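Residues per chain, in single letters:
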Amino acid sequence: MPTGPSSPATPISEVTEGGARPCPTGIAEIDRVLGGGVVPGSVTLLGGEPGIGKSTLLLQLLARWPARTLYVSAEESAQQVRLRAERLDAVRPDLWLLAETSLPTIVAAIDEVQPTLVVVDSIQTIADPAVPSAPGSVAQVRACAQRLVAEAKRRDLPVMLVGHVTKDGGLAGPRALEHVVDTVLAFEGDRHHALRLLRAAKHRFGATDELGVFEMRGDGLVGVPDASSLFLADRRAGVAGSAVVPTLDGQRPLLVEVQALTNPTAASGVPPRRSAQGIDGGRLALLLAVLERRARVATGNVEVFASAVGGVRLTEPGADLALCLAVVSALADVPLAAGLVVVGEVGLAGEVRQAAHIGRRLAEAARMGFTQALVPANSPLGDCGLELVRVGSVPEALVAALGDGVR
Ligand code: TYD
Ligand code: MG
């Protein structure tokens, strides 16, 4: 049964935009990611590992929505949801609660309650008895999602679905689900840290490069408009093995501290240990090889531990140079200047390459009180409030940041 839209062929200039304008949710970090808010009739899938805070986020969203909402809990009892809502200050007269797993009952409740926003938590635990397969199976998940999409479009009702993802990041259930919905959001974070990141993996109504940042607290998720301050809060300047990189996550600049620790290996003949947290292990190995071959910094007989602080994951190459400097700073036991940020990709020839949107990165560093930046040699930059030190290669960067004698 096709559930897509249908309208006669018309010149595009004569098509009206209709009601596809986003309604703000009242949670600024969600609105930022959705490009302004929730679009009427849209279906959004919120994916994330179990325990990351999906139910918490959506309950908070419903509680702040200015009109009647319905939360369908297919995992927790109404009493459990009520208890959680009390912690979150989400016990509001306009928030209706249904603990139910059967799809027809859920649709009937939507008819009865007439909500203006619906959350179904989760798509893997509801089932349509007319579909002869188990809840969570591919056929069941797809059938339920298609029905909910059709109901959403028919009523111009925004619907949000929770979807659990497996450890490797895939959605448990059919990937086809991602094609059925309008928007796919990913809620991520390290469960041992309070930091949570919200990203759009697919968004029919806008860009997918905005980042929402939250902190999980005892009373729920709190938006973090100034994420750089959060990441740098515990930093001790003047310690060897630390470098600050103005990284870019989508459009959002974040200052992140990269740390390295090196330690002589105890046993010879065993390959020395490399450990990376929040940093790709393969990238660390590559950069250590570049340091050895291009800058004559040998790490063959030391263990190297490297991490991005605060539970953040550094996946962009603009952080390469900061990681190199953190490692050499640790090896030499010489700290970098406290007011210095470092940005640049490192190539296999030891050259320092451009990083995207350097102006935006450095503006964030200036805002956070940094005074000096080590940047790729041909960065197209004028006045950004920072003293710029341009470097073309890793050896040049080492001399500029750590002085002549470090190797
Ligand atoms: P939850 O929203 O249930 O995660 P999900 O729906 O993604 O499985 O959040 C679970 C965790 O969040 C739980 O381990 C406790 C923590 N938490 C807080 O720290 N503060 C809070 O106010 C709430 C409600 C939960
Ligand atoms: Mg949940």
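Just so it is clear, the model here is predicted, and its values are computed rather than measured.

Undergrad: Quick one: what's the story with the site of ligand 1, residue by residue and with numbers?
TA: G51, K54, S55, T56 and R217 are the nearest of the 16 residues found near ligand 1. For ligand 1, an oxygen atom lies 2.6 Å from a polar atom in the side chain of T56. Within the side chain of R87, a nitrogen or oxygen atom sits 3.2 Å from a nitrogen atom of ligand 1. Isolated, ligand 1 exposes 550 Å² of accessible area, and the fraction of that covered by the protein chains is 75%. Elements supplying a minimum of two residues to the shell around ligand 1: α2 (54–64), α3 (78–87) and β8 (211–217). Looking at which element gives the most residues to the shell around ligand 1, the answer is α2, with three residues. Residue classes in the shell around ligand 1 are distributed as four nonpolar, six polar and six charged.

Undergrad: Account for the pairing of strand β6 (residues 183–188), naming residues and giving values.
TA: Relative to β6, strand β1 (residues 43–48) runs parallel, the two sharing four bridges. When the sheet's bridge partners are listed, T44 is paired in β6 with T183. Here six bridges tie β6 to strand β7 (residues 195–203), and the two strands are oriented antiparallel to one another. By the bridge assignment, A186 is partnered in β7 with R199. Hairpin connection from β6 to β7: six residues lie between these consecutive antiparallel strands, with G189 at a positive phi of about 160°.

Undergrad: Let's hear about the nonpolar core: which residues, and what values?
TA: By size, the foremost hydrophobic cluster in this structure holds 50 residues, and its most contacted members are V256, V258, L291, L321, L325, L374 and L398. Broken down by element, the residue count for this core peaks at nine residues, all from helix α9 (residues 320–332). Each of two domains, domain 1 (18–225) and domain 2 (230–402), supplies a minimum of three residues to this core. The contact partners of L321, leaving out residues within four places of it in the chain, are V342, V343, G344, V346, V352, L374, V391 and A397.

Undergrad: Which residues make up unusual backbone geometry, and what values do they have?
TA: Generally, phi is negative for residues other than glycine and the peptide bonds are trans, each holding for most cases. Residue S122 is bonded to the preceding D121 through a cis peptide linkage, with omega at 10°. If you trace the backbone, S122 turns up in the loop between β4 (117–121) and α5 (138–155). Backbone geometry places R296, a non-glycine residue, at a positive phi of 55°. Tracing the backbone through its elements, the reader meets R296 in the loop between α8 (281–295) and β13 (302–308). What makes R296 exposed here is its relative accessible area of 66%. One non-glycine residue, D333, lies in positive phi territory at about 55°. Looking at where D333 falls in the secondary structure, it is placed in the loop between α9 and β14 (340–342). Assessed through its relative accessible area of 59%, D333 is described here as exposed.

Undergrad: Lay out α9 with the relevant residues and their values.
TA: Taking 1.5 Å per residue as the helical rise, α9 with its 13 residues ought to reach 18 Å, and the 18 Å between its terminal C-alpha atoms agrees with that figure. The element α9 is largely enclosed, with a buried count of eleven among its 13 residues. For α9, every residue scored as buried is listed here: D320, L321, A322, L323, C324, L325, A326, V327, V328, S329 and A330. One or two steps after α9, the chain reaches D333, where phi turns positive at roughly 55°.

Undergrad: Mind laying out the domain arrangement of the protein chain, listing which residues take part and the relevant values?
TA: According to the domain assignment, the protein chain contains domain 1 (18–225) and domain 2 (230–402). Relative to domain 2, the C-alpha centre of domain 1 lies at a distance of 38 Å. Tallying the contact residues gives 15 residues for domain 1 and eleven residues for domain 2. Here domain 1 packs against domain 2, burying approximately 1100 Å² in sum over the two surfaces, 56% of which is carbon and sulfur. Its largest share of buried area at the contact with domain 2, domain 1 owes to L195, D209 and L211, together 44% of the area lost on that side. Remark: the boundary between domain 1 and domain 2 carries three salt bridges. On the surface where domain 1 and domain 2 come into contact, there are six residue pairs in polar contact (both at pLDDT 80 or more). Counting residues per element, the side of domain 1 that touches domain 2 draws most heavily on β8, at four residues.

Conventions used here
- Residues numbered from 1 in each chain as written.
- Chains lettered and ligands numbered in written order.
- Predicted model: local features only at pLDDT ≥ 70, side-chain atom pairs only at ≥ 80, totals over all residues.
- Heavy atoms only, no water.
- Near = heavy atom within 4 Å.
- Polar contact = N/O pair within 3.5 Å; in protein donor to acceptor, adjacent residues only side chain to side chain.
- Areas by Shrake-Rupley, 256 points an atom, 1.4 Å probe, with all protein chains shown as cover.
- Helix = DSSP H or I, 4+ residues; strand = E, 2+ residues; numbered from the N terminus.
- Nonpolar A, V, L, I, M, F, W, Y, C, P; charged D, E, K, R; others polar.
- Pairing = 2+ DSSP bridges.
- Core = buried A, V, L, I, M, F, W, Y, C linked by side-chain atoms within 4.5 Å.
- Buried < 20%, exposed > 50% of the residue type's maximum accessible area, 1.4 Å probe, protein only.
- Domains from an automatic or database assignment.
- Contact = heavy atoms within 4.5 Å.
- Expected span 1.5 Å × (residues − 1).
- Buried area = accessible area lost by both parts, 1.4 Å probe.
- Salt bridge = Lys/Arg side-chain N within 4 Å of Asp/Glu carboxyl O.

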